[in-house]
Amino acid sequence: MAADHSHSSVSHDAHGDAAAHEHTHPDWGTYKWVALILTLITALEVWIYYLPSFTATRLFVPTLLALSAIKFAIVVMFYMHLKYDAKLFRALFIGPLLIASFIIVGLLFLFNHIKIQF
Amino acid sequence: MATAAIESHDPHAGAHPATSTGLNNTKIAIWAFIGSECFFFASLISTYLIYKGRSLVGPFPHEAWTDPSTHQVFKAILNIPITSVSTFVLLMSSLAMVLAHSAVVRGDRKSSKIWLASTALLGATFLGFQAYEFTSFVHEGLTIHTNLFGSSFFILTGFHGAHVTAGVIWLLTLLFIDIKRGLTPDEAINVDVCALYWHFVDVVWIAIFTLVYLIK
């Protein structure tokens, strides 16, 4: 019983900590601003795609990747609440995401899609 | 004692039994699942990128191609305006999803039904755009057997579409429950878990839209 009680209090503390992390979620206004920003970034991406003078430059691909990464991060932080949620959820998502990203880049190196010039 | 339910103060989590982490196990499970899905889509995206530009015959995604034997001209196959609209539709479905979740948390049954139905409808619209795109590609001569681009493109976007389909079914199930007996704030975790899956499908599309459609 004592052990049970001890376990329960640990759980309560942990829960309190976790709940504190989960308390502050965005309101409707934030969600609508996020939607507007996502729409504007998408419009910017498509506009860039139709700019021949820009698509011919070296900045084209990095710019699109950066804009995509910003959209990705905004959805994950605000719509998926990862900015406000417990650290365990962040670890469960960002850990595999980083490994998956390294795998993609590694494979592109292996198949000579990305080259390092010395 | 240990199994006694803890009254949660978090309106998004609802009441859940005591856990060693203090977090809802269902939510931990969906995040672990989403983490595993990162690897799944990474394998499909890397396959697409590795095969990119290595097709021996057309049609090609961004440039026209003339068949040397028949002299038939195939135009660039990707339709960016249509896909941009479908991308916008999917982004708006994410907004509808967070509003549905917010409504369930507040116990606003009318709004929750409207937003759940809107999310499902926008998801179905995205699938309609994808069906149109796939059909037009086949009519223009690109199938899963045509070339490396066709194989990797249909596999990647097809699996994403399958995920959207599963999400729409999940949303319709929640909508059915909401209509039948109403989703209470204590059940908001069920909508939260569905929302996390839906937003993940959205972020995967954000990556696909850039890597497949926009980067030439």
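Bear in mind the structure is a predicted one, so any value in this text is a computation, not a measurement.

### A word on the overall build of chain A
Counting its regular elements, chain A contains five helices and zero strands. Counting from the amino terminus, helix and strand elements in chain A follow one another as α-α-α-α-α. Taking all 118 residues of chain A together, 25% fall into the buried category. Contacts spanning at least 24 positions in sequence make up 58% of the contacts within chain A whose residues lie at least 6 apart.

### Overview of the overall build of chain B
Along chain B, the regular secondary structure elements total five helices and four strands. Shown N-terminal to C-terminal, the secondary structure of chain B runs as helices and strands in the order β-β-α-β-β-α-α-α-α. By its C-alpha atoms, chain B is 75 × 35 × 25 Å across when sized along the principal axes. The buried share of chain B, reckoned over its 216 residues, is 44%. Here the analysis covers contacts within chain B between residues at least 6 apart in sequence; of these, 71% occur between residues at least 24 apart.

### Section: the nonpolar core
Within the largest apolar cluster, 77 residues are counted, with the highest numbers of intra-cluster contacts made by Leu99(B), Ala100(B), Val191(B), Cys194(B), Leu196(B) and Tyr197(B). Within the residue set of this core, elements represented by two or more residues are helix H2 (28–49), helix H4 (60–79) and helix H5 (87–110) of chain A together with helix H1 (25–51), helix H2 (80–106), helix H3 (109–139), helix H4 (148–180) and helix H5 (188–214) of chain B. If one sorts the elements of this core by residue count, H5(B) sits on top with 20 residues. Split by domain, this core shows at least three residues from each of two domains, domain 2 (26–80) and domain 3 (86–118) of chain A. Those residues in contact with Tyr197(B) that sit more than four places away from it in its chain are Ile30(B), Gly167(B) and Trp170(B).

### Considering the environment of Ile80(B)
Relative to the assigned elements, Ile80(B) resides in helix H2. Distance in space between the C-alpha atoms of Ile80(B) and Ala117(B) is 28 Å, their sequence separation being 37 residues.

### Digging into the environment of Leu44(A)
Relative to the helices and strands, Leu44(A) is located in helix H2. Along the backbone, Leu44(A) and Phe89(A) are 45 residues apart, and their C-alpha atoms lie at a distance of 31 Å.

### Some points on the packing of H5(A) against H1(B)
Closest axis-to-axis distance for the H5(A)/H1(B) pair is 9 Å, and the angle between their directions is 10 degrees. Of the possible angle classes, the one that applies to H5(A) and H1(B) is roughly parallel. Every pair of crossing elements has a handedness; the one defined by H5(A) and H1(B) is right-handed. Partitioned by chemical class, the residues of the contact of H5(A) with H1(B) number 21 nonpolar, four polar and no charged.

### Here we look at the confidence of the model for chain B
Put simply, chain B has an average pLDDT of 90, and 93% of its residues get 70 or more. For this predicted complex, the interface confidence score (ipTM) comes to 0.86, while the overall pTM stands at 0.86.

### Thoughts on H2(A)
Look at H2(A): 32 Å from first C-alpha to last across 22 residues, which is about the 32 Å you get at 1.5 Å a residue. For H2(A), the complete set of buried residues consists of Tyr31(A), Val34(A), Ala35(A), Leu38(A), Thr42(A), Glu45(A) and Tyr49(A). Down the axis of H2(A), the smallest arc covering the buried residues is 100 degrees, so these residues share one side. Away from its buried face by more than 90 degrees, H2(A) exposes Gly29(A), Trp33(A), Leu36(A), Leu40(A), Ala43(A) and Trp47(A). Buried residues belonging to H2(A) abut helix H3 (52–55) and H4 of chain A together with H2 and H5 of chain B.

The rules behind the values
- Residues numbered from 1 in each chain as written.
- Chains lettered and ligands numbered in written order.
- Predicted model: local features only at pLDDT ≥ 70, side-chain atom pairs only at ≥ 80, totals over all residues.
- Helix = DSSP H or I, 4+ residues; strand = E, 2+ residues; numbered from the N terminus.
- Buried ≥ 20, exposed ≤ 12 C-beta atoms within 10 Å, placed from the backbone.
- Contact = placed C-beta atoms within 7 Å.
- Core = buried A, V, L, I, M, F, W, Y, C linked by C-beta atoms within 7 Å.
- Domains from an automatic or database assignment.
- Axes fitted to C-alpha atoms, helices over the stretch in contact; angles between N-to-C directions.
- Parallel < 35°, antiparallel > 145°, perpendicular 65-115°, else oblique.
- Left-handed = near helix turned anticlockwise from the far one by under 90°.
- Nonpolar A, V, L, I, M, F, W, Y, C, P; charged D, E, K, R; others polar.
- pLDDT = per-residue confidence, 0-100.
- Expected span 1.5 Å × (residues − 1).
- Arc of directions from axis to C-beta.

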